[in-house]
Amino acid sequence: MIDKTVKNAEAAVADIQDGMTIMFGGFGLCGIPENCINALVKKGVKNLTCISNNAGVDDFGIGLMLHQHQVKKMISSYVGENAEFERQLLSGELEVELIPQGTLATRCLAAGYGMPAIFTPAGVGTEVAEGKEIRNFNGKDYLMEMAFDADFAIVKAWKGDTAGNLIFRSTSRNFNPIMAMAGKITIAEVEELVEPGVLNPDHIHTPGIYVHRIFQGERYEKRIEQRTVRTQ
Amino acid sequence: MLDKNGIAKRIAQEIQDGSYVNLGIGIPTLVANYIPAGFNVVLQSENGLLGMGPFPLEGEEDPDLINAGKQTITTLPGSAVFDSAMSFGMIRAQKVDLTILGAMEVSENGDIANWKIPGKMVKGMGGAMDLVASAKNIIVAMQHVNKAGESKLLPQCSLPLTGVRCVKKIVTELAVLSVLPGGGFKLEERAPGVSVEEIKQATAGKLVIEGQIPEMKI
(Lines give C-alpha, C1' and ligand atoms only; values in the text may rest on other atoms or scores of the structure.)
Protein backbone atom coordinates (compact mmCIF):
# COMPACT_ATOMS: atom_id res chain seq x y z
CA MET A 1 0.00 0.00 0.00
CA ILE A 2 1.12 3.54 -0.66
CA ASP A 3 1.81 5.27 2.64
CA LYS A 4 0.08 8.68 2.77
CA THR A 5 0.99 9.58 6.33
CA VAL A 6 2.49 12.88 7.29
CA LYS A 7 3.74 13.71 10.76
CA ASN A 8 1.16 16.25 11.85
CA ALA A 9 -1.06 19.17 10.81
CA GLU A 10 1.89 21.53 10.34
CA ALA A 11 3.55 19.11 7.92
CA ALA A 12 0.25 18.53 6.09
CA VAL A 13 -0.29 22.23 5.33
CA ALA A 14 3.38 23.19 4.93
CA ASP A 15 3.17 23.98 1.20
CA ILE A 16 -0.14 25.87 1.26
CA GLN A 17 0.66 29.28 -0.20
CA ASP A 18 -0.88 32.75 -0.06
CA GLY A 19 -3.74 33.19 -2.54
CA MET A 20 -4.67 29.53 -2.85
CA THR A 21 -8.21 28.09 -2.97
CA ILE A 22 -8.95 25.62 -0.19
CA MET A 23 -12.00 23.50 0.56
CA PHE A 24 -12.88 22.76 4.17
CA GLY A 25 -15.19 19.90 5.10
CA GLY A 26 -17.78 20.27 7.84
CA PHE A 27 -21.30 21.55 8.44
CA GLY A 28 -21.41 24.30 11.03
CA LEU A 29 -18.78 23.15 13.52
CA CYS A 30 -19.60 19.47 12.95
CA GLY A 31 -16.83 17.52 11.26
CA ILE A 32 -14.45 20.42 10.63
CA PRO A 33 -10.70 19.78 10.30
CA GLU A 34 -9.80 21.48 13.58
CA ASN A 35 -6.12 20.61 13.60
CA CYS A 36 -5.41 21.83 10.07
CA ILE A 37 -7.32 25.07 10.66
CA ASN A 38 -5.21 25.70 13.76
CA ALA A 39 -2.06 24.93 11.76
CA LEU A 40 -3.08 27.39 9.02
CA VAL A 41 -3.69 30.06 11.65
CA LYS A 42 -0.22 29.39 13.06
CA LYS A 43 1.33 29.43 9.58
CA GLY A 44 -0.30 32.79 8.84
CA VAL A 45 -0.93 32.11 5.14
CA LYS A 46 -3.07 34.89 3.62
CA ASN A 47 -5.45 35.88 0.81
CA LEU A 48 -7.12 32.50 0.83
CA THR A 49 -10.30 31.64 -1.00
CA CYS A 50 -12.20 29.24 1.26
CA ILE A 51 -14.91 26.93 0.01
CA SER A 52 -16.87 25.79 3.04
CA ASN A 53 -20.58 25.46 3.76
CA ASN A 54 -20.22 27.80 6.76
CA ALA A 55 -17.57 30.13 8.15
CA GLY A 56 -17.23 28.97 11.75
CA VAL A 57 -17.92 31.05 14.83
CA ASP A 58 -15.89 33.90 16.34
CA ASP A 59 -13.41 31.77 18.24
CA PHE A 60 -13.56 28.41 16.50
CA GLY A 61 -13.20 26.91 13.05
CA ILE A 62 -12.73 29.19 10.06
CA GLY A 63 -13.63 32.10 12.36
CA LEU A 64 -10.08 31.82 13.72
CA MET A 65 -8.68 32.43 10.25
CA LEU A 66 -11.02 35.37 9.71
CA HIS A 67 -9.71 36.98 12.89
CA GLN A 68 -6.18 36.79 11.48
CA HIS A 69 -7.37 38.35 8.19
CA GLN A 70 -6.26 35.28 6.27
CA VAL A 71 -9.39 34.94 4.17
CA LYS A 72 -9.91 37.01 1.03
CA LYS A 73 -13.06 35.28 -0.13
CA MET A 74 -15.62 32.83 1.31
CA ILE A 75 -17.70 30.59 -0.95
CA SER A 76 -20.48 29.28 1.28
CA SER A 77 -24.20 28.61 1.53
CA TYR A 78 -24.79 30.06 5.00
CA VAL A 79 -22.54 32.40 6.94
CA GLY A 80 -22.59 35.07 9.57
CA GLU A 81 -22.65 33.09 12.80
CA ASN A 82 -19.82 35.36 13.93
CA ALA A 83 -19.47 39.09 14.47
CA GLU A 84 -16.01 39.44 12.91
CA PHE A 85 -17.27 37.93 9.69
CA GLU A 86 -20.06 40.50 9.52
CA ARG A 87 -17.68 43.37 10.30
CA GLN A 88 -15.22 42.35 7.55
CA LEU A 89 -18.03 41.83 5.05
CA LEU A 90 -19.61 45.23 5.71
CA SER A 91 -16.23 47.01 5.60
CA GLY A 92 -15.41 45.38 2.26
CA GLU A 93 -12.35 43.51 3.56
CA LEU A 94 -13.98 40.18 2.84
CA GLU A 95 -15.63 38.98 -0.33
CA VAL A 96 -18.47 36.47 -0.05
CA GLU A 97 -20.10 34.34 -2.71
CA LEU A 98 -23.28 32.71 -1.47
CA ILE A 99 -24.43 29.64 -3.35
CA PRO A 100 -27.19 27.10 -2.70
CA GLN A 101 -26.09 24.26 -0.45
CA GLY A 102 -26.97 21.53 -2.93
CA THR A 103 -25.11 23.40 -5.67
CA LEU A 104 -22.08 23.65 -3.39
CA ALA A 105 -22.21 19.92 -2.72
CA THR A 106 -22.77 18.92 -6.31
CA ARG A 107 -19.98 21.15 -7.62
CA CYS A 108 -17.68 19.20 -5.28
CA LEU A 109 -19.09 15.93 -6.55
CA ALA A 110 -18.55 16.99 -10.16
CA ALA A 111 -14.88 17.76 -9.47
CA GLY A 112 -14.39 14.38 -7.82
CA TYR A 113 -16.16 12.55 -10.65
CA GLY A 114 -14.23 14.32 -13.37
CA MET A 115 -17.23 16.16 -14.78
CA PRO A 116 -16.78 19.82 -15.81
CA ALA A 117 -20.27 21.01 -14.92
CA ILE A 118 -23.66 20.07 -13.56
CA PHE A 119 -27.23 21.21 -14.22
CA THR A 120 -29.42 22.08 -11.27
CA PRO A 121 -32.80 23.78 -10.92
CA ALA A 122 -31.67 25.49 -7.69
CA GLY A 123 -31.61 29.25 -8.19
CA VAL A 124 -33.52 29.40 -11.48
CA GLY A 125 -35.39 32.72 -11.60
CA THR A 126 -33.32 34.19 -8.74
CA GLU A 127 -30.21 36.36 -8.56
CA VAL A 128 -28.13 33.17 -8.32
CA ALA A 129 -28.92 32.60 -12.01
CA GLU A 130 -27.47 35.93 -13.17
CA GLY A 131 -24.89 35.43 -15.90
CA LYS A 132 -25.27 31.66 -15.94
CA GLU A 133 -26.22 29.43 -18.85
CA ILE A 134 -29.74 28.03 -18.63
CA ARG A 135 -30.74 24.80 -20.34
CA ASN A 136 -34.21 23.37 -20.59
CA PHE A 137 -34.59 19.62 -20.16
CA ASN A 138 -38.04 18.02 -20.39
CA GLY A 139 -39.75 21.36 -19.93
CA LYS A 140 -37.84 22.47 -16.84
CA ASP A 141 -35.06 25.07 -16.63
CA TYR A 142 -31.68 24.21 -15.10
CA LEU A 143 -28.60 26.32 -14.35
CA MET A 144 -25.23 25.17 -15.51
CA GLU A 145 -22.84 25.25 -12.55
CA MET A 146 -19.13 24.53 -12.88
CA ALA A 147 -17.13 21.91 -11.00
CA PHE A 148 -14.95 23.43 -8.29
CA ASP A 149 -11.25 23.85 -8.94
CA ALA A 150 -9.53 23.89 -5.55
CA ASP A 151 -5.80 23.68 -4.85
CA PHE A 152 -6.37 21.82 -1.59
CA ALA A 153 -9.24 20.04 0.11
CA ILE A 154 -8.94 19.59 3.86
CA VAL A 155 -11.29 17.09 5.46
CA LYS A 156 -11.84 15.40 8.78
CA ALA A 157 -12.74 11.74 9.17
CA TRP A 158 -13.39 9.47 12.14
CA LYS A 159 -11.02 6.70 11.17
CA GLY A 160 -8.48 6.35 8.42
CA ASP A 161 -5.63 4.06 7.48
CA THR A 162 -2.16 4.95 6.25
CA ALA A 163 -3.27 4.18 2.68
CA GLY A 164 -5.69 7.14 2.96
CA ASN A 165 -8.94 5.19 3.20
CA LEU A 166 -11.51 7.08 5.27
CA ILE A 167 -14.57 6.32 7.38
CA PHE A 168 -16.77 9.10 8.68
CA ARG A 169 -19.01 9.09 11.72
CA SER A 170 -22.68 10.13 11.85
CA THR A 171 -23.59 13.56 10.44
CA SER A 172 -19.97 14.73 10.65
CA ARG A 173 -19.77 13.07 7.24
CA ASN A 174 -21.59 15.99 5.50
CA PHE A 175 -19.26 17.67 2.94
CA ASN A 176 -16.15 15.72 3.94
CA PRO A 177 -16.26 12.77 1.49
CA ILE A 178 -17.21 14.90 -1.51
CA MET A 179 -14.60 17.55 -0.77
CA ALA A 180 -12.03 14.80 -0.27
CA MET A 181 -12.73 13.79 -3.87
CA ALA A 182 -12.55 17.35 -5.18
CA GLY A 183 -9.16 18.70 -4.12
CA LYS A 184 -6.09 18.68 -6.36
CA ILE A 185 -4.33 17.76 -3.13
CA THR A 186 -6.46 16.32 -0.34
CA ILE A 187 -5.43 16.37 3.30
CA ALA A 188 -7.35 14.16 5.71
CA GLU A 189 -7.08 14.46 9.46
CA VAL A 190 -8.56 11.61 11.45
CA GLU A 191 -9.41 10.83 15.05
CA GLU A 192 -7.84 7.41 14.75
CA LEU A 193 -5.17 6.38 12.24
CA VAL A 194 -4.68 2.64 11.74
CA GLU A 195 -2.55 0.30 9.64
CA PRO A 196 -3.85 -1.05 6.30
CA GLY A 197 -6.01 -4.12 6.83
CA VAL A 198 -7.65 -2.91 10.02
CA LEU A 199 -10.58 -1.22 8.28
CA ASN A 200 -13.02 -3.45 6.43
CA PRO A 201 -12.86 -2.54 2.70
CA ASP A 202 -16.65 -2.76 2.58
CA HIS A 203 -16.92 0.01 5.14
CA ILE A 204 -14.70 2.61 3.44
CA HIS A 205 -16.53 5.84 2.54
CA THR A 206 -13.61 7.52 0.75
CA PRO A 207 -11.06 5.32 -1.01
CA GLY A 208 -7.45 6.30 -0.42
CA ILE A 209 -6.84 7.23 -4.07
CA TYR A 210 -8.49 10.57 -3.32
CA VAL A 211 -6.36 11.25 -0.24
CA HIS A 212 -2.79 12.50 -0.56
CA ARG A 213 -1.88 13.16 3.06
CA ILE A 214 -3.24 11.73 6.26
CA PHE A 215 -2.47 12.17 9.94
CA GLN A 216 -4.07 11.62 13.30
CA GLY A 217 -5.18 14.93 14.83
CA GLU A 218 -3.50 15.82 18.09
CA ARG A 219 -6.75 16.67 19.82
CA TYR A 220 -10.39 17.30 19.00
CA GLU A 221 -12.56 19.80 20.83
CA LYS A 222 -15.65 19.00 18.70
CA ARG A 223 -17.53 22.03 19.89
CA ILE A 224 -21.33 21.93 19.82
CA GLU A 225 -22.92 24.97 18.18
CA GLN A 226 -26.52 24.53 19.42
CA ARG A 227 -26.80 22.26 22.42
CA THR A 228 -30.42 21.13 22.52
CA VAL A 229 -31.73 18.49 24.93
CA ARG A 230 -35.03 16.99 26.02
CA THR A 231 -35.95 16.40 29.62
CA GLN A 232 -37.57 12.99 29.25
CA MET B 1 -56.32 33.11 15.28
CA LEU B 2 -53.58 30.52 15.65
CA ASP B 3 -50.32 30.73 17.54
CA LYS B 4 -47.13 29.15 16.16
CA ASN B 5 -48.00 25.76 17.60
CA GLY B 6 -51.47 26.01 16.09
CA ILE B 7 -49.98 26.63 12.63
CA ALA B 8 -47.68 23.64 13.15
CA LYS B 9 -50.62 21.49 14.28
CA ARG B 10 -52.64 22.38 11.18
CA ILE B 11 -49.71 21.67 8.86
CA ALA B 12 -49.18 18.30 10.52
CA GLN B 13 -52.60 17.31 9.15
CA GLU B 14 -51.12 17.59 5.64
CA ILE B 15 -48.51 14.92 6.32
CA GLN B 16 -49.26 11.51 4.84
CA ASP B 17 -48.45 8.26 6.55
CA GLY B 18 -45.38 6.69 4.95
CA SER B 19 -43.85 9.90 3.65
CA TYR B 20 -40.41 11.51 3.72
CA VAL B 21 -40.52 15.11 4.94
CA ASN B 22 -38.00 17.94 5.21
CA LEU B 23 -38.77 20.53 7.89
CA GLY B 24 -37.22 23.99 7.79
CA ILE B 25 -36.16 26.13 10.75
CA GLY B 26 -38.76 27.91 12.93
CA ILE B 27 -42.46 26.97 12.88
CA PRO B 28 -41.79 24.01 10.51
CA THR B 29 -39.60 22.38 13.18
CA LEU B 30 -42.61 22.39 15.54
CA VAL B 31 -44.60 20.32 13.04
CA ALA B 32 -42.65 17.24 14.15
CA ASN B 33 -44.41 17.46 17.54
CA TYR B 34 -47.86 16.98 15.96
CA ILE B 35 -47.34 14.11 13.54
CA PRO B 36 -50.13 11.66 14.45
CA ALA B 37 -49.12 8.74 16.64
CA GLY B 38 -48.83 5.56 14.60
CA PHE B 39 -47.79 7.39 11.43
CA ASN B 40 -44.52 6.27 9.89
CA VAL B 41 -43.01 9.56 8.77
CA VAL B 42 -39.29 9.90 8.09
CA LEU B 43 -37.77 13.33 8.65
CA GLN B 44 -34.91 14.32 6.38
CA SER B 45 -32.26 16.70 7.62
CA GLU B 46 -30.35 18.11 4.64
CA ASN B 47 -26.97 17.96 6.34
CA GLY B 48 -27.22 14.23 5.74
CA LEU B 49 -29.72 12.24 7.80
CA LEU B 50 -32.94 10.35 7.22
CA GLY B 51 -34.82 9.39 10.34
CA MET B 52 -34.22 12.37 12.60
CA GLY B 53 -35.11 11.62 16.19
CA PRO B 54 -35.82 13.95 19.13
CA PHE B 55 -33.25 16.02 21.00
CA PRO B 56 -30.94 13.87 23.15
CA LEU B 57 -31.25 13.57 26.91
CA GLU B 58 -28.87 15.80 28.81
CA GLY B 59 -25.44 14.21 28.89
CA GLU B 60 -26.11 12.20 25.73
CA GLU B 61 -25.41 14.99 23.23
CA ASP B 62 -23.15 13.86 20.39
CA PRO B 63 -21.21 16.64 18.62
CA ASP B 64 -21.12 14.45 15.49
CA LEU B 65 -24.91 14.23 15.34
CA ILE B 66 -26.73 17.45 14.48
CA ASN B 67 -29.59 18.62 12.28
CA ALA B 68 -29.56 21.31 9.59
CA GLY B 69 -30.20 23.93 12.30
CA LYS B 70 -26.96 22.73 13.95
CA GLN B 71 -28.90 21.45 16.96
CA THR B 72 -27.92 18.24 18.71
CA ILE B 73 -30.37 15.47 17.82
CA THR B 74 -30.67 11.68 17.88
CA THR B 75 -31.15 8.93 15.32
CA LEU B 76 -33.97 6.37 15.34
CA PRO B 77 -34.02 2.66 14.54
CA GLY B 78 -33.78 2.60 10.74
CA SER B 79 -32.00 5.95 10.38
CA ALA B 80 -29.44 6.45 7.63
CA VAL B 81 -26.56 8.92 7.29
CA PHE B 82 -25.12 10.14 3.97
CA ASP B 83 -23.04 12.95 2.52
CA SER B 84 -24.28 16.38 1.43
CA ALA B 85 -24.31 15.55 -2.29
CA MET B 86 -26.53 12.51 -1.78
CA SER B 87 -28.72 14.55 0.55
CA PHE B 88 -29.46 17.08 -2.17
CA GLY B 89 -29.53 14.31 -4.74
CA MET B 90 -32.54 12.74 -3.06
CA ILE B 91 -34.14 16.19 -2.80
CA ARG B 92 -33.49 17.00 -6.48
CA ALA B 93 -34.71 13.56 -7.58
CA GLN B 94 -37.98 14.20 -5.68
CA LYS B 95 -37.58 11.28 -3.32
CA VAL B 96 -38.52 13.65 -0.50
CA ASP B 97 -42.32 13.96 -0.59
CA LEU B 98 -42.92 17.19 1.27
CA THR B 99 -40.96 20.30 2.21
CA ILE B 100 -42.26 22.63 4.90
CA LEU B 101 -40.52 25.96 5.27
CA GLY B 102 -40.95 29.52 6.44
CA ALA B 103 -41.12 32.59 4.21
CA MET B 104 -40.88 36.36 4.29
CA GLU B 105 -43.12 36.72 1.22
CA VAL B 106 -45.14 34.50 -1.11
CA SER B 107 -46.62 35.71 -4.37
CA GLU B 108 -49.96 34.71 -5.88
CA ASN B 109 -48.17 32.61 -8.53
CA GLY B 110 -46.26 30.64 -5.89
CA ASP B 111 -42.93 32.51 -5.87
CA ILE B 112 -41.21 32.53 -2.50
CA ALA B 113 -38.74 34.96 -0.89
CA ASN B 114 -37.12 33.86 2.33
CA TRP B 115 -33.37 34.41 2.27
CA LYS B 116 -32.37 38.01 1.78
CA ILE B 117 -33.40 41.50 2.81
CA PRO B 118 -31.41 44.08 0.80
CA GLY B 119 -29.44 46.38 3.07
CA LYS B 120 -29.40 43.90 5.92
CA MET B 121 -26.74 41.33 6.73
CA VAL B 122 -27.26 38.40 4.37
CA LYS B 123 -26.55 35.04 5.91
CA GLY B 124 -27.26 32.94 2.85
CA MET B 125 -29.83 30.63 1.38
CA GLY B 126 -28.46 27.40 2.86
CA GLY B 127 -30.45 24.58 1.29
CA ALA B 128 -33.65 26.57 0.70
CA MET B 129 -33.12 27.23 -3.02
CA ASP B 130 -32.43 23.57 -3.69
CA LEU B 131 -35.47 22.49 -1.70
CA VAL B 132 -37.95 24.87 -3.34
CA ALA B 133 -36.61 24.22 -6.85
CA SER B 134 -37.12 20.48 -6.58
CA ALA B 135 -39.71 19.53 -3.97
CA LYS B 136 -42.84 17.74 -5.16
CA ASN B 137 -44.92 19.55 -2.59
CA ILE B 138 -44.09 22.72 -0.67
CA ILE B 139 -46.08 24.08 2.23
CA VAL B 140 -45.17 27.46 3.66
CA ALA B 141 -45.65 28.15 7.36
CA MET B 142 -45.66 31.85 8.15
CA GLN B 143 -47.42 34.82 9.69
CA HIS B 144 -49.98 36.39 7.35
CA VAL B 145 -48.59 39.92 7.88
CA ASN B 146 -45.13 41.18 8.83
CA LYS B 147 -44.19 43.13 11.95
CA ALA B 148 -45.08 46.38 10.18
CA GLY B 149 -48.58 45.00 9.55
CA GLU B 150 -48.02 44.55 5.81
CA SER B 151 -49.31 41.49 4.00
CA LYS B 152 -46.81 38.76 3.18
CA LEU B 153 -49.16 37.29 0.54
CA LEU B 154 -48.53 39.55 -2.42
CA PRO B 155 -49.27 39.97 -6.14
CA GLN B 156 -45.47 39.84 -6.60
CA CYS B 157 -42.62 39.38 -4.13
CA SER B 158 -40.67 42.55 -3.44
CA LEU B 159 -37.69 40.76 -1.84
CA PRO B 160 -35.09 38.73 -3.78
CA LEU B 161 -36.60 35.38 -4.70
CA THR B 162 -35.64 31.98 -3.35
CA GLY B 163 -37.63 30.13 -6.01
CA VAL B 164 -40.34 30.66 -8.60
CA ARG B 165 -43.81 29.08 -8.97
CA CYS B 166 -43.15 26.45 -6.35
CA VAL B 167 -45.35 27.02 -3.29
CA LYS B 168 -48.47 24.84 -3.25
CA LYS B 169 -50.02 25.70 0.08
CA ILE B 170 -49.68 28.32 2.84
CA VAL B 171 -50.76 28.02 6.45
CA THR B 172 -50.83 31.22 8.50
CA GLU B 173 -52.30 32.26 11.84
CA LEU B 174 -55.43 33.30 9.89
CA ALA B 175 -55.98 30.80 7.12
CA VAL B 176 -55.08 27.86 4.91
CA LEU B 177 -54.64 28.92 1.29
CA SER B 178 -53.63 27.02 -1.81
CA VAL B 179 -51.87 28.57 -4.78
CA LEU B 180 -53.95 28.11 -7.94
CA PRO B 181 -52.08 26.87 -11.03
CA GLY B 182 -53.20 29.97 -12.96
CA GLY B 183 -52.31 32.30 -10.07
CA GLY B 184 -54.16 33.47 -6.99
CA PHE B 185 -54.52 32.41 -3.36
CA LYS B 186 -57.55 30.16 -2.96
CA LEU B 187 -58.95 30.48 0.54
CA GLU B 188 -59.46 26.95 1.83
CA GLU B 189 -60.02 27.34 5.56
CA ARG B 190 -60.31 30.03 8.21
CA ALA B 191 -58.53 29.82 11.55
CA PRO B 192 -60.91 29.48 14.52
CA GLY B 193 -62.66 32.79 15.16
CA VAL B 194 -61.28 34.51 12.07
CA SER B 195 -63.67 35.98 9.49
CA VAL B 196 -63.26 35.96 5.72
CA GLU B 197 -63.23 39.76 5.93
CA GLU B 198 -60.17 39.72 8.21
CA ILE B 199 -58.35 37.41 5.79
CA LYS B 200 -59.24 39.72 2.88
CA GLN B 201 -57.83 42.68 4.80
CA ALA B 202 -54.55 40.85 5.43
CA THR B 203 -54.05 39.52 1.88
CA ALA B 204 -52.58 41.89 -0.71
CA GLY B 205 -52.42 39.34 -3.53
CA LYS B 206 -55.41 38.02 -5.48
CA LEU B 207 -57.66 36.12 -3.07
CA VAL B 208 -60.10 33.60 -4.52
CA ILE B 209 -63.13 32.86 -2.33
CA GLU B 210 -65.56 30.21 -3.46
CA GLY B 211 -68.66 29.43 -1.43
CA GLN B 212 -68.65 29.02 2.33
CA ILE B 213 -65.16 28.84 3.82
CA PRO B 214 -64.99 26.23 6.57
CA GLU B 215 -63.21 26.77 9.86
CA MET B 216 -60.07 24.70 10.45
CA LYS B 217 -60.42 21.60 12.56
CA ILE B 218 -57.52 21.63 14.97
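Use the structure listed above.
Here is a short report on the structure shown in this document. (Residues numbered from 1 in each chain as written. Chains lettered and ligands numbered in written order. Predicted model: local features only at pLDDT ≥ 70, side-chain atom pairs only at ≥ 80, totals over all residues. Heavy atoms only, no water.)

Let us look at the overall build of chain A. A count of helices and strands for chain A gives six helices and eleven strands. For chain A, whose C-alpha radius of gyration is 18 Å, the value lies close to the compact-globule estimate of 17 Å for 232 residues. For chain A, with 232 residues in total, the buried portion stands at 56%. Put simply, of all contacts in chain A between residues at least 6 apart along the chain, 71% involve residues at least 24 apart. Accessible surface computed for chain A: about 9700 Å², of which carbon and sulfur atoms make up 48%. (Helix = DSSP H or I, 4+ residues; strand = E, 2+ residues; numbered from the N terminus. Rg over C-alpha atoms; globule rule 2.2 N^0.38 Å. Buried < 20%, exposed > 50% of the residue type's maximum accessible area, 1.4 Å probe, protein only. Contact = heavy atoms within 4.5 Å. Areas by Shrake-Rupley, 256 points an atom, 1.4 Å probe, with all protein chains shown as cover.)

Turning our eyes to something else, we now look at the packing of aromatic side chains. The full count for this structure, using the stated rule, is two aromatic pairs over all chains. Consider the rings of Phe119 of chain A and Phe137 of chain A, whose centres lie 5.2 Å apart with planes at 70°: the pair is edge-to-face. Of this pair, Phe119 of chain A sits in strand 5 (residues 117–120) while Phe137 of chain A sits in strand 6 (residues 134–137), and the two are 18 residues apart along the sequence. Taking relative accessible area as the criterion, Phe137 of chain A reaches 30% and is therefore assigned partly exposed. For the ring pair Phe137 of chain A and Tyr142 of chain A, a centre distance of 5.6 Å and an interplane angle of 70° mean the geometry is edge-to-face. Taken together, the ring pairs in this structure connect Phe119, Phe137 and Tyr142 of chain A into an aromatic cluster. Lying over the aromatic face of Trp158 of chain A, Lys159 of chain A brings its terminal NZ or CZ to 4.4 Å of the ring centre. The ring of Phe27 of chain A carries Lys70 of chain B above its face, with NZ or CZ at 5.2 Å from the centroid. (Phe/Tyr/Trp six-rings, centres within 6.5 Å; stacked < 30°, edge-to-face > 60°. Lys NZ or Arg CZ within 6 Å of the ring centre and 35° of its normal.)

Residue and element names in this part refer to chain A. Its place among the elements puts Glu221 in the segment after strand 11 (213–216). By relative accessible area, which is 35% here, Glu221 ends up partly exposed. Linking Glu221 and Val128, residues 93 residues apart in sequence, is a C-alpha distance of 36 Å. Excluding residues within four positions of it along the chain, Glu221 makes contact with Glu34 and Phe60. A polar atom in the side chain of Glu221 sits 2.8 Å from the side chain of Arg223. (Polar contact = N/O pair within 3.5 Å; in protein donor to acceptor, adjacent residues only side chain to side chain.)

Contacts between the two partners involve 51 residues from chain A, matched on the other side by 47 residues from chain B. In total, chain A and chain B occlude about 4100 Å² of area from one another, counting both sides; carbon and sulfur atoms represent 59% of this. Put simply, chain A and chain B have five salt bridges between them. Here Glu61 of chain B and Arg227 of chain A are joined by a salt bridge, their closest N and O atoms 3.2 Å apart. Of all the elements in the fold, those that place two or more residues in the side of chain A that touches chain B are helix 4 (83–90), helix 5 (101–112) and helix 6 (176–182) of chain A. At six residues, helix 5 of chain A tops the list of elements feeding residues into the side of chain A that touches chain B. (Buried area = accessible area lost by both parts, 1.4 Å probe. Salt bridge = Lys/Arg side-chain N within 4 Å of Asp/Glu carboxyl O.)

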